[in-house]
Amino acid sequence: MSDNKKETKNWEPTIVAFFCNWCTYTAADLAGVSRLRHAANVRIIRVMCSGRVDPQFILNAYAKGADGVLIGGCHFGDCHYMEGNYKTARRFHLLKRMLQDMGIEEERCRLEWISASEGERVRTVINDMVEKVKALGPLRLPERFNEWDKEMEFIGEHNIGEEVHIHA
Amino acid sequence: MPNHQNNGNMRIGYYVCHCGHNIANQVDVEALAAYISKLPGVAVSRSYKYMCSDPGQELIQQDIKDHGLNRIVVASCSPLLHEQTFRKAVEKGGLNPYFFQMVNIRENVSWVHEDRKEATQKAMDLSRAAVHRVFFHKELEKKYVKINPDALVVGGGIAGIHAALTLANSGKKVYLVEKEPTIGGHMAQFDKTFPTLDCAACILTPKMSAVKSHPNITLWTYSEVTNVSGYVGNYIVQVKRKPRYIDEKLCVGCLACIDECVYKEGKYADEFNMGLSKRKPIYMSFPQATPKVVVIDPETCIQFKSGKCKQTCIESCDRGAIDLSQKETNEEVNVGTIILSTGYRTFDAHRVPFYGYGKYPNVYTSLEVERLINASGPTGGELILRDGSHPKTVGIIHCVGSRDRNTNRWCSRTCCMYSLKLAHLLKEHSGAEVYNFYIDIRAAGKAYEEFYDKVLEENVHFIRGRVAEVIDWAANPAEEGKLIIRAEDTMIGTVRRIPVDMVVLAVGMEPREDAQAVRKMFNISCSTEGFFLERHPKLAPVDTFTDGVFIAGACQGPKDIPDSVAQAGAAAAQAMMLVDTGEVELEPNTAFITEEHCSGCKSCIPLCPFHAILFNDTSKKAYINEALCKGCGTCVAACPSGSIQQNMFDDAEILAEINGLLAIDNSEFYEKEAIHVG
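Keep in mind the model is a prediction, meaning the values are calculated, not measured. (Residues numbered from 1 in each chain as written. Chains lettered and ligands numbered in written order. Predicted model: local features only at pLDDT ≥ 70, side-chain atom pairs only at ≥ 80, totals over all residues. Heavy atoms only, no water.)

## Notes on empty space enclosed by the protein
Moving on, step 1. Under the counting rule described, the total for this entry stands at 12 cavities of 30 Å³ or more.
Moving on, step 2. In terms of lining residues, the largest cavity is bounded by 31 residues, among which Arg46 of chain A together with Gln101, Met102, Arg133 and Glu657 of chain B are the most central.
Moving on, step 3. Residue assignment for the lining of the largest cavity shows that the elements contributing at least two residues are β2 (42–47) of chain A together with α3 (79–92), β4 (100–104), α5 (116–134) and α17 (651–662) of chain B.
Moving on, step 4. Considering every element that reaches the lining of the largest cavity, the biggest residue donor is β4 of chain B, with 5 residues.
Moving on, step 5. When the residues that make up the lining of the largest cavity are grouped by side-chain class, the tally is 16 nonpolar, 6 polar and 9 charged. (1 Å grid on protein atoms, 1.4 Å probe; cavity = no way out; pocket = protein on both sides within 12 Å on 5 of 7 lines; lining within 4 Å. Points joined across faces, edges and corners; volume = space filled by probe spheres on them. Helix = DSSP H or I, 4+ residues; strand = E, 2+ residues; numbered from the N terminus. Nonpolar A, V, L, I, M, F, W, Y, C, P; charged D, E, K, R; others polar.)

Structure representation (structure tokens):
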């Protein structure tokens, strides 16, 4: 998504969101019914529980060009499946450390507990996240992958690195 | 990676709904349909004014026949609203209903975005994701579970009573659980009801007796639900029955024990009379209490406190119904449906100290006044104030704890009408001059406005404006010994001081203090104010997001008796609908394990709160009991070998959706296809 054309002043971040069916997705519906206008950058994927959000979904989203990922679930104690959100929280903390190591800024991955009645919170969270990701600029992972691939090819073609092979 | 290998076979029908102007105003539906028509696999792409209408659904069915469609995507409102509608339409068209995906471009797009171009772009992204996703949809079978015909009703106010009777009269077995020693709820405390002025007890108590004597109703008062497990059609409910130290089967309600209690007079605040009278440690809330069984309060009974009581109550009971050794018991019941009618609490007037509640004895809340003017109340219906006087002027302050940013923002809906009723009754009882201080009179209801007219004709005074404070500082001899209500009169544009003998605070309705705990126990949601959240504010007002759990009465929001009864009837009808169908369709979104990939690491097993994942010791593989799986997908996300998959939320389906959201650069596409957005 974020090719060079989009890196002009008009660049808008794309954020992939995973909302749980029972709380945050319902809250997003409530935001709609209440006509709470907010930034149009977030694309929502509905899952039954935030516990379904596999870290590989998040990584895949970045790899395919997302500038941010937002996960929405029920508050602790409110999970429709009793404890799915606790599992999400644990997984999220591990993933965050991994993303940090990969150089993906903290603000690009966000976990929020939003109950079915918190339509207003959907708006504030989305607007806030869009603003923060905008300030960071595009992530451009697909392009960076291409660049890195080219570098690897270049290295391969020119036998760079041969001389630094360590011989026993 | 989206797998397009079955491109040849894939024939997707895409439909974008205008929803009148709801979507079409913000989203360029024609450009959207044109854009989607170019995507691989899409055979038909159309826009239509109302997809949920009969012609809209028939359009899909006709296209399935004419164009041999095998996947359907509809971009319209939220799937929470119409997913079932379209699944049925798809099924009627001859396709498996799960070969369908819905795109939410109303709640998630047109209603929340102003810029038409941005909205259209987002609708395109979301639609493209769905088109990518349906490639991976699988043919699934519907799942059905049997419904236990028995029902549980929690809360024995007028809503719970009506719901229980409706169900019981239709032949269903009902368990009615009430926290207090008697059913009746707030309505039992009221004197008369607006606008008809029939006495609350006269219309309520026959229903209470009917509950007690109904062969299909098991009434458990002084009891609380402590745990709920299971799912729609098959709930397992634990009920704690507090000891009342009286054998319910033996007690006939003769009240001899109360007369013979070592306390000659009542000593402790009588909860039913809002503390305006005193009761003994052994008491019955009110003469028509149901069941007509006394109760002993261990907090105040001498025997329980010191063990040194003459126990005259035991001697007085010729039936031997008093049993001080009674212990708390627990019951377990299996029910198919649950109706919550746990009611409300009134606003605590101490929270608005400037109205003097608790400071000046002659400031009352409306509920106290209901008891004060009731013939079976603490004064036998005579209007005698706390200081022993009879009031000659009364001021009723409306909207106390309602329509106020500092306390509760909502309108409690009932206060205008009950204030008018109290104005009428107070005038009738005492001949006093009555002043109403109001913001607006909200008399919307059958015969309500006419009642307002009647009260106006009775020369009750109405002063429009918020009351600033209630004070006792007399500014002139006429105010001496009176309470002075300082209020703005917005009709004449001045601040007035009205000296009165009695102030009535028309307190609003709030969620009960235990609403959050109850909500969690029954796995439902609350709205922002803390009342129980209905599934849809208009179209599913008594359903919740948990199937088989319904709500009725003021636990859902402030409402009066007619509305509570109507809702209770509706909730009972919804429960009956489930029961009479005999079985309920469940989403087939359960998880399953592909045995050959399972390494037997067991990491999934502790993740499942429903104990649905088991381990086969012979094959050293895990397996899922489908009947127990609720389809959250937590184990799917955690399986290190990817051997757990979930129907409807398969890895392939979600990854295709992510790729669909992101993979294609639309700007290039617009140029090439000369599509104009906006």
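Read on for the rest.
## Quick look at the domain arrangement of chain B
Moving on, step 1. Each domain of chain B was delimited in the assignment, giving domain 1 (9–140 + 664–677), domain 2 (144–241 + 329–343 + 514–586), domain 3 (243–327), domain 4 (347–510) and domain 5 (591–646).
Moving on, step 2. Just the C-alpha atoms count here: the centres of domain 1 of chain B and domain 2 of chain B sit 40 Å apart. (Domains from an automatic or database assignment.)

## Looking at the interface of chain A and chain B
Moving on, step 1. Contacts between the two partners involve 55 residues from chain A, matched on the other side by 58 residues from chain B.
Moving on, step 2. Summed over both partners, the interface of chain A with chain B comes to about 4700 Å²; 56% of that surface belongs to carbon and sulfur atoms.
Moving on, step 3. Considering only the side of chain A, the residues that lose the most area to chain B are Arg37, Arg43 and Arg52 of chain A, jointly responsible for 15% of the buried surface there.
Moving on, step 4. Across the contact surface, chain A and chain B share 5 salt bridges. (Contact = heavy atoms within 4.5 Å. Buried area = accessible area lost by both parts, 1.4 Å probe. Salt bridge = Lys/Arg side-chain N within 4 Å of Asp/Glu carboxyl O.)

## Quick look at the sheet that holds strand β12 (residues 234–241) of chain B
Residue and element names in this part refer to chain B.
Moving on, step 1. If you walk across this open sheet you meet the 3 strands as β11-β12-β17, and the pairing is antiparallel. Each edge of the sheet is formed by a strand with only one pairing partner; in this case those strands are β11 (223–231) and β17 (329–335). Mean inter-strand twist for the sheet, computed between neighbouring axes without regard to direction, equals 20°.
Moving on, step 2. Note: β12 against β17, 7 bridges, orientation antiparallel. If you follow Val239 over to β17, its bridge partner there is Glu331. (Pairing = 2+ DSSP bridges. Axes fitted to C-alpha atoms, helices over the stretch in contact; angles between N-to-C directions.)

## What about the nonpolar core?
Nonpolar side chains in soluble globular proteins tend to be buried together.
Moving on, step 1. With 104 residues, the main nonpolar core has Phe18 and Tyr62 of chain A together with Leu32, Ile72, Ile105, Ile644 and Ile658 of chain B as its most contacted residues.
Moving on, step 2. Considering each element in turn, this core owes the most residues, 8 residues, to α5 of chain B.
Moving on, step 3. Those residues within four positions of Ile644 of chain B in sequence are excluded, and the remaining contacts are Ala591, Phe592, Ile593, Cys604, Ile624, Cys635, Val636 and Cys639 of chain B.
Moving on, step 4. Of all hydrophobic cores here, the second largest spans 86 residues; its members include Leu219, Cys257, Ile258 and Phe286 of chain B. (Core = buried A, V, L, I, M, F, W, Y, C linked by side-chain atoms within 4.5 Å. Buried < 20%, exposed > 50% of the residue type's maximum accessible area, 1.4 Å probe, protein only.)

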